Amino acid sequence: MSNKTIKSALISVFSKEGLEPIVRELNKQGVTIYSTGGTETFIKNLGIAVVPVEDVTSYPSILGGRVKTLHPKVFGGILNRQNHDGDVKEMKDFDIPQIDVVIVDLYPFEKTVASGAPNQDIIEKIDIGGISLIRAAAKNYADVICVSSVDDYSEFLELITDKKGDLSEDDRKGFAAKAFNVSSHYDSAIFNYFNADHSIPALKISETNGKVLRYGENPHQKGFFFGNFDALFTKLHGKELSYNNLLDVDAAVNLIQEFKGEKPTFAILKHNNACGFAQRETVSQAYTDALAGDPVSAFGGVLISNTEIDTATATAIHNLFCEVVIAPSFSAEAESILKGKKNRILLVLKDTDFAEMTVRTCLNGVLVQDKNNKTDTVDDLKYVTDSKPTTAAIDDLIFASKICKHTKSNTIVLVKNKQLCASGTGQTSRVDALNQAIHKAQSFNFDLKDSVMASDAFFPFPDCVEIAGNAGITSVIQPGGSIKDQLSIDYCNANNIAMVMTGTRHFKH
C-alpha cells in the first residue's frame, strides 16, 4: 500500500458551501490548485492563487459552459499511472500536469426534477464533465483521490489536515467507493426520469440514505432502511424505529391516506393489519370506538389519525401501551401528555407524495408492480340483487372496502356505523376468514345485525353469503367475477341480502 502526497488539485463544484476551509488547507500545504468558472472566481476571491483550466488546455469554456474540462490534458493528468514508464513519458512529451486530487460535485439533477422545472432545464442539469471527472479519478484511485460530494468535505478536510496531505491507498480507495456510489445513483436518477413510462423493462433503484436498524424482523437478522424518512415525517419523540415498526408505519400511512380530508378517522394496527378503526365527529370518539374494536390486540400497536390529536384523545391514548402514534399534528398539550412515556414514538405525518411502485424480493430476483391506487367508490357499484343497500349501508360498504383493500388476503371485513367490528386476515380460505371475523366480533360483544361485509375477492360459492346472513349481515360488497356469481346472487335474493359488485379485486399478499 503506497502513500501519495498531494501536490495538485482540480476543483470544479456546483455548490461552494463548505469548500473554503479545504481550499485554505490545500493552499497552506503548498498544493497547486486548478479550477474553472465560478469555482475559480470563488477561490480567487479568497485571495488564493489558482490556475485556470483553460491555461492548461489552451481552450476556453465553450458551448455555454457545456465543455470546460473535457480535454486530454485534464483527463491525462488524472488517468495517468505514475508507476508506468510509458505514461510518465507521455505526460512529459505532451506537457500534461499531474492531478492528485479531484473535488467535484454534480449539477443538482434530482432537485431540478423535484422542483417541477421544464424539461429543457432538467436536461441542462445532466452533468457531463463532472461525472467524467469523478469516474476517471475514482478509477485511478491508485494515484488520485476523488471527493465527489459536499457530504464528504468534512471527512476529506480532517484527513488532509491530520495526515498533512500524505494519504494512503486505503484512504483513496475509500473515497473511490463513495465516488462510484455518487455516479451510479446519478445515472439511475437520469435513467428513471427518461423511463418514467416504464417502456424499458429495467429496474434501477438507488437509495443513498441508508440507516442501520437495531436488527431485522427478528433479533438474529440484520436490518437496514434505505429512504428519506425525514421527507415523510417529523419525529417528535421516542426511541429509534425498528424494522417491524417501519412496516407497521407504512401500512398505517397507506390505510389512513384513503380517508384524507374526511371526518376524524382513527386506526390501530398490529402486524400490518387494522385491528381497530372508526370514523366519528370528534377524533377522541374515533379513537375510543377504534379501540373498542379489539382492545386486546391494540396493546403494543401503531396508532394513526387523519386529523390533529387533541388533549382528550392524548389523555385516552396515554393509558394504552403503544409503540407509535402518528398524526398530521398534535396540540401542544397532547404532545406533552404523549411524551410522558419515554419510548413512545410520536410522528407528524407530512403532506407528501408516496412511491408509485411496489418492490419486493422474490426467488433470486424482485417483483415490481404499480401501487394499488384504485379505491372503490359509489360510482363503481353494480347493484346485482333485488334488495338494494340503504344510503347508510352504502357508506359503510365503501368504508369497509377501503379497510379491506389494506388487509392481508384472504380477508373479510365487517363494519357497522363506520366502525370496524372485526376482520379475518391472511386466511387460506375465505370461509375461514369470515368465520374468524364473526367469532372475533362476537367475542367483543358487537351486534352484527344490519352490519356490512367486504371481501377482497369474489365468492366462488354461496357459502360466505349464507354464513354472513345467518350472522345478521344485510349488505355485502365484493368484486364479482366468479363463474358461479349467480349462486351467491340467488342466495342473497332468497334471503333479503343486498349485494353490490365493484369489478375490482384487492388481493394483498
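Cut-off values and rules
Residues numbered from 1 in each chain as written. Predicted model: local features only at pLDDT ≥ 70, side-chain atom pairs only at ≥ 80, totals over all residues. Heavy atoms only, no water. Helix = DSSP H or I, 4+ residues; strand = E, 2+ residues; numbered from the N terminus. Rg over C-alpha atoms; globule rule 2.2 N^0.38 Å. Buried < 20%, exposed > 50% of the residue type's maximum accessible area, 1.4 Å probe, protein only. Contact = heavy atoms within 4.5 Å. Areas by Shrake-Rupley, 256 points an atom, 1.4 Å probe, with all protein chains shown as cover. Lys, Arg positive; Asp, Glu negative; His and termini not counted. Charge placed at Lys NZ, Arg CZ, Asp CG, Glu CD. Arc of directions from axis to C-beta. Phe/Tyr/Trp six-rings, centres within 6.5 Å; stacked < 30°, edge-to-face > 60°. Lys NZ or Arg CZ within 6 Å of the ring centre and 35° of its normal. 1 Å grid on protein atoms, 1.4 Å probe; cavity = no way out; pocket = protein on both sides within 12 Å on 5 of 7 lines; lining within 4 Å. Points joined across faces, edges and corners; volume = space filled by probe spheres on them. Nonpolar A, V, L, I, M, F, W, Y, C, P; charged D, E, K, R; others polar. Salt bridge = Lys/Arg side-chain N within 4 Å of Asp/Glu carboxyl O. Axes fitted to C-alpha atoms, helices over the stretch in contact; angles between N-to-C directions. Parallel < 35°, antiparallel > 145°, perpendicular 65-115°, else oblique. Left-handed = near helix turned anticlockwise from the far one by under 90°. Patch = residues over 30% accessible without salt bridge, like charges linked within 9 Å, V, L, I, M, F, W, Y side chains within 5 Å. Pairing = 2+ DSSP bridges.

Draft legend 1. How the structure looks around the overall build of the protein chain. Secondary structure summary: the protein chain contains 19 helices and 23 strands in total. By the compact-globule yardstick of 23 Å for 509 residues, the protein chain is too spread out, its C-alpha radius of gyration being 31 Å. Counting only C-alpha atoms and orienting by the principal axes, one finds that the protein chain spans roughly 95 × 50 × 40 Å. Here the protein chain holds 509 residues, and 47% of them are scored as buried. Of all intrachain contacts in the protein chain linking residues separated by at least 6 positions in sequence, the fraction that spans at least 24 positions is 55%. Accessible surface for the protein chain amounts to roughly 25,000 Å². Of this, 51% is attributable to carbon and sulfur atoms. Taking the 52 positively charged and 63 negatively charged side chains of the protein chain as two groups, their mean positions are separated by 3 Å.

Draft legend 2. Here's a closer look at helix α1 (residues 20-28). Looking only at α1, the buried set comprises Ile 22, Val 23, Glu 25 and Leu 26. End-on, the buried residues of α1 take up no more than an arc of 165°, which puts them together on one face. On its buried face, α1 is in contact with β2 (8-12), β3 (32-35), α2 (37-45), β5 (101-104) and α9 (153-162). Where α1 ends, the next residue or the one after it, Gly 30, has phi of about 75°, a positive value.

Draft legend 3. How the structure looks around the packing of aromatic side chains. A complete count under the given rule lists 13 aromatic pairs for this structure. Connected via pairs of aromatic rings, a cluster forms that spans Phe 109, Tyr 186, Tyr 193 and Phe 194. A cation over a ring is seen here: Lys 402 above Phe 259, with NZ or CZ 4.9 Å from the ring centre.

Draft legend 4. A look at empty space enclosed by the protein. Under the criterion given, the structure shown has 2 cavities of 30 Å³ or more. Space inside the largest cavity adds up to approximately 70 Å³. Taken together, 13 residues make up the lining of the largest cavity; nearest its centre are Asp 376, Ser 401, Ser 455, Asp 456 and His 506. Those elements giving two or more residues to the lining of the largest cavity turn out to be α16 (391-405), β21 (452-455) and β22 (475-478). Counting residues per element, the lining of the largest cavity draws most heavily on α16, at 3 residues. Of the residues belonging to the lining of the largest cavity, the class tally is 4 nonpolar, 6 polar and 3 charged. Here the second largest cavity is characterised by a volume of approximately 30 Å³.

Draft legend 5. Layout of the pattern of salt bridges. One pass over the structure, following the stated rule, counts 21 salt bridges. The residue Glu 262 makes a salt bridge to Lys 402 at a minimum N-O spacing of 2.7 Å. You can see Glu 262 sitting in the loop between α12 (243-256) and β11 (265-270) and its partner Lys 402 sitting in helix α16, a full 140 residues away along the chain. Exposure remark for Glu 262: the relative accessible area of 33% places this residue in the partly exposed category. The shortest N-O distance in the salt bridge between Asp 450 and Lys 449 comes to 3.4 Å.

Draft legend 6. The packing of helix α18 (residues 463-470) against helix α19 (residues 485-494), seen in detail. Between α18 and α19, the shortest axis-to-axis distance is 8 Å and the interhelical angle comes to 25°. With respect to each other, α18 and α19 are oriented roughly parallel. With respect to the hand of their crossing, α18 and α19 are arranged in right-handed fashion. Where α18 abuts α19, its residues Val 465, Glu 466 and Asn 470 lie against Ser 488, Tyr 491 and Cys 492.

Draft legend 7. Spotlight on a nonpolar patch on the surface. On the surface, Leu 203, Ile 205, Val 359, Val 366 and Val 368 cluster together to form a nonpolar patch covering roughly 400 Å² of accessible area. Structurally, Ile 205 is set in the loop between α10 (169-194) and β8 (210-212).

Draft legend 8. The pairing of strand β15 (residues 345-349), seen in detail. Counting buried residues in β15 gives 5 out of 5 residues, a clear majority hidden from the surface. Covered by surrounding structure in β15 are Ile 345, Leu 347 and Leu 349 together with Leu 346 and Val 348, the residues of both alternating faces. Where strand β10 (residues 233-237) meets β15, 4 bridges bridge the pair, whose relative direction is antiparallel. If you follow Lys 235 over to β15, its bridge partner there is Leu 347. Where strand β14 (residues 322-327) and β15 come together, 4 bridges link them in parallel fashion. Counted as the bridge partner of Val 324 is Ile 345 from β15.

Draft legend 9. Geometry of the sheet that holds strand β4 (residues 51-52). Ordered in space as β4-β3-β2-β5-β6, the 5 strands form an open sheet in which the pairing is parallel. Of all strands in the sheet, those bounded by a partner on one side alone are β4 and β6 (145-147).

Draft legend 10. Examining unusual backbone geometry more closely. In this model, Ser 409 is joined to Asn 410 through a cis peptide bond whose omega is -15°. Mapped onto the elements of the fold, Asn 410 is located in the loop between α16 and β19 (412-415).

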